[in-house]
Amino acid sequence: MKRTDASRHSDDQQHYDVLIVGGGMVGATIACGLGQQGIRVAVFDHTEPSPLSADALPELRVSALSTASEEILRQLGAWPHMQSMRMTPYRRMAVWEKLHSPFGKEISSRTNRVVFDAKQINHSQLGFIVENRVTQLGLLEAIKSYPSVSLFCPASIQKIHTSAVPPVIELSDGRRFSGDLLVGADGANSRVRQAAGLAMEQRDYEQQCLVATVEITGGCQDITWQAFTPTGPEAFLPLPDINGRSFGSIVWYNHPEKIRQLLALSGEAFIKELKTTFPAELPEVIQLHERGAFPIARRHVAEYFCPGVVLAGDAAHTINPLAGQGVNLGLQDAAWLIEILVEAYRAGENLGSLEVLTQYEKARRRDNALMMNTMDAFYHVFSNQSKPLQLLRNVGLTIAGKLSPAVNQVMKYAMGLSGKQPKLAIGKKI
């Protein structure tokens, strides 16, 4: 645990420029970015990730980090630490709708398949599949380079005072901390959001998502793919080889009852069901190592901030994970918030002022809503089994697969290479 010479109030209350609740990927990114500029930051989290053994099996929770996210993490000094652990580049991404003949047999032809290949836009990869713990550990290692950042972990927060000026965090051991700005980066069930009374709209989907880590044959893959079905996508993500063994991450959407049945199966029965159901593109699966499931919901706060308090990442929004953009949106939140706060700090402005925080919401709300609406459109279009609509979307996929400029533009958007980007995402110093 690190400490800085933070200023103290008369009641022994420590004061920082910024308090961050949540030391996960988004919170730690914000801490690194502010600490890089000498801004005094205190980060609070209830648990610190344990070190990752090189021999450990892949974690269940992984993310597909875009090129823009890679650049953000590289600029903050976390990427080299992550590379020293493990990650898997993916160079191609395939999307299609799984079709069946009138007799129920899957049609093996892939005329409706769209393949995104990094070579088409002169990039070595589209992104990286990275275990969430690897990203968090890399960021926490980078934090050590910034003396103005203090990490309080494990820390048990007793109370969050958002009506106080400045906001105050009180720990269960009696210590109190105030900050010009309180950042809620504490996930979908954010205590900061609840304490601040920031309302959140929530809409649950009819599907749940099962994720599983499996061992495969044939070596490390360089492609991710997603096959749409009436009950939701079936997807495969490549994971790194470990001690000569190869792995993959299975993402399986379906109705809650089906997901419960899949979780109850023995490992052998699960693999049998997987091989029977998933497309032929699935590598040979020889062992199930871990699985879990979670409900899917769309959430978005009515306001990203109130005086002295701001939200980032899942605390502000969650989206349908079918394109794996949730973490990338959170890191975009972090990069924009860093940029806006650093500029305000240099100008001598109050970091918790409405003028400063309004800039952040303007930078993020529209883009986050656009991604949410896009994922909703995919969900609804591919869940609808109307024959005319099915024909229309497959004709669209077939045509899209033959239009290189359109495919290239989609790739650039997904990689964070188009549209307005924060400075950290394009390699510029703040």
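Residues numbered from 1 in each chain as written. Predicted model: local features only at pLDDT ≥ 70, side-chain atom pairs only at ≥ 80, totals over all residues. Heavy atoms only, no water.

Student: Just to check I follow, could you spell out the sheet that holds strand S4 (residues 62-66) for this structure?
Tutor: Here we have 3 strands laid out as an open sheet, ordered S4-S8-S5, and antiparallel in their pairing. Each of the sheet's edge strands pairs with one partner strand only, and the pair in question is S4 and strand S5 (88-90). Across the sheet, the mean angle from the axis of one strand to that of its neighbour is 30°, orientation sign disregarded. As paired elements, S4 and strand S8 (residues 127-131) share 5 bridges and run antiparallel to each other. Looking at S8, one finds that Ala 64 is bridged to Ile 129. (Pairing = 2+ DSSP bridges. Helix = DSSP H or I, 4+ residues; strand = E, 2+ residues; numbered from the N terminus. Axes fitted to C-alpha atoms, helices over the stretch in contact; angles between N-to-C directions.)

Student: It is not clear to me how the pattern of salt bridges should be interpreted in this structure. Could you clarify?
Tutor: If charged atoms from side chains of opposite charge come close, those side chains can pair. Summed over all chains, the structure comprises 19 salt bridges. Its salt-bridge partner being Arg 40, residue Asp 17 comes within 3.1 Å of it at the nearest N-O pair. Taken together, the residues span a long stretch of sequence, with Asp 17 in strand S2 (residues 14-21) and Arg 40 in the loop between helix H1 (25-35) and strand S3 (41-44) at a distance of 23 residues. Residue classification places Asp 17 among the buried residues on the basis of a relative accessible area of 7%. Notably, a salt bridge pairs Glu 170 with Arg 176, separated by 3.3 Å at the nearest N-O pair. On the basis of relative accessible area, Glu 170 is assigned to the partly exposed category, the value being 22%. Of the residues examined, Arg 176 reaches a relative accessible area of 28% and is grouped as partly exposed. (Salt bridge = Lys/Arg side-chain N within 4 Å of Asp/Glu carboxyl O. Buried < 20%, exposed > 50% of the residue type's maximum accessible area, 1.4 Å probe, protein only.)

Student: How do you make sense of helix H7 (residues 267-277) when you look at a structure like this?
Tutor: What sets the pattern is the α-helix's 3.6 residues per turn: residues three or four places apart point alike. Among all positions of H7, only Phe 270, Ile 271 and Leu 274 are buried. Buried residues of H7, seen end-on, are gathered within an arc of 100° and therefore sit on one face of the element. Exposed residues on H7 whose side chains face more than 90 degrees from its buried face are Glu 268, Lys 272 and Thr 276. Next to the buried residues of H7 lie strand S13 (200-216), strand S16 (245-254), helix H6 (256-264) and strand S17 (285-301). (Arc of directions from axis to C-beta. Contact = heavy atoms within 4.5 Å.)

Student: Help me understand the packing of aromatic side chains, please; the structure alone is not making it clear to me.
Tutor: How two aromatic rings sit relative to each other is given by the distance of their centres and the angle of their planes. If you walk through the whole model with that rule in mind, you get 12 aromatic pairs. Here the aromatic rings of Trp 225 and Phe 236 are separated by 6.0 Å at their centres, their planes lie at 25°, and the arrangement is stacked. Taken as a pair, Trp 225 in strand S14 (residues 223-228) and Phe 236 in strand S15 (residues 234-242) lie far apart in primary sequence, 11 residues in all. A single burial state applies to Trp 225 and to Phe 236, both of which are buried. Between Trp 252 and Phe 278, the ring centres sit 5.1 Å apart and the planes meet at 75°, which makes this aromatic pair edge-to-face. Separated by 26 residues along the polypeptide, Trp 252 in strand S16 and Phe 278 in the loop between H7 and S17 bring together distant segments of the chain. Each member of the pair Trp 252 and Phe 278 is classed as buried. Members of the aromatic cluster, connected to one another through ring pairs, are Trp 96, Trp 225, Phe 236, Trp 252, Phe 270 and Phe 278. (Phe/Tyr/Trp six-rings, centres within 6.5 Å; stacked < 30°, edge-to-face > 60°.)

Student: Quick question: what am I supposed to make of empty space enclosed by the protein here?
Tutor: Within the structure shown, the criterion is met by 2 cavities of 30 Å³ or more. Each pocket or cavity is described by its volume, and for the second largest cavity that value is around 30 Å³. Every residue lining the second largest cavity is listed: Gly 23, Asp 45, Thr 47, Glu 48, Pro 49, Gln 136, Leu 140, Leu 151 and Cys 153. Among the residues forming the lining of the second largest cavity, the class breakdown is 4 nonpolar, 3 polar and 2 charged. (1 Å grid on protein atoms, 1.4 Å probe; cavity = no way out; pocket = protein on both sides within 12 Å on 5 of 7 lines; lining within 4 Å. Points joined across faces, edges and corners; volume = space filled by probe spheres on them. Nonpolar A, V, L, I, M, F, W, Y, C, P; charged D, E, K, R; others polar.)

Student: Looking at this model, I keep getting lost on the packing of H1 against helix H4 (residues 132-143). Mind explaining?
Tutor: Angle between the axes and distance between the axes are the two parameters that describe a pair of packed helices. In the contact formed by H1 and H4, the axes pass within 9 Å of each other and the chain directions differ by 25°. Put simply, H1 runs roughly parallel to H4. With respect to the hand of their crossing, H1 and H4 are arranged in left-handed fashion. Where H1 approaches H4, its residues Met 25, Ala 28, Thr 29, Ala 31 and Cys 32 are matched on the opposing element by Asn 132, Thr 135, Gln 136, Leu 139, Leu 140, Ala 142 and Ile 143. (Parallel < 35°, antiparallel > 145°, perpendicular 65-115°, else oblique. Left-handed = near helix turned anticlockwise from the far one by under 90°.)

Student: I tried to follow the packing of helix H2 (residues 67-75) against helix H8 (residues 326-346) on my own but got confused; where do I start?
Tutor: Where H2 contacts H8, the two axes come as close as 10 Å, and the packing angle between them is 45°. Regarding the angle of H2 to H8, the classification is oblique. Pair H2 / H8 crosses with left-handed handedness. Residues Ala 68, Ser 69, Ile 72 and Leu 73 of H2 pack against Asn 328, Leu 331, Gln 332 and Ala 335 of H8.

Student: Would you mind showing me how to read the environment of Gly 267 here?
Tutor: Structurally, the position occupied by Gly 267 is in helix H7. According to the relative accessible area criterion, Gly 267 is partly exposed, its value standing at 30%. Separated by 21 residues in sequence, Gly 267 and Leu 288 have C-alpha atoms that sit 5.8 Å apart. Discounting residues that sit within four places of it in the chain, Gly 267 has contacts with Leu 288 and Arg 291.

Student: What should I look at first to understand the pairing of strand S6 (residues 92-97) in this one?
Tutor: Taken residue by residue, a regular strand's side chains alternate between the two faces of the sheet. Inspection of the sheet shows S6 paired to strand S7 (residues 114-117) by 4 bridges, in the antiparallel sense. Each bridged residue has a counterpart across the sheet, and for Val 95 the counterpart in S7 is Val 114. Bridging between S6 and S14 involves 6 bridges; their strand directions are parallel. Across the sheet, the residue bridging to Val 95 is Gln 226, located in S14.

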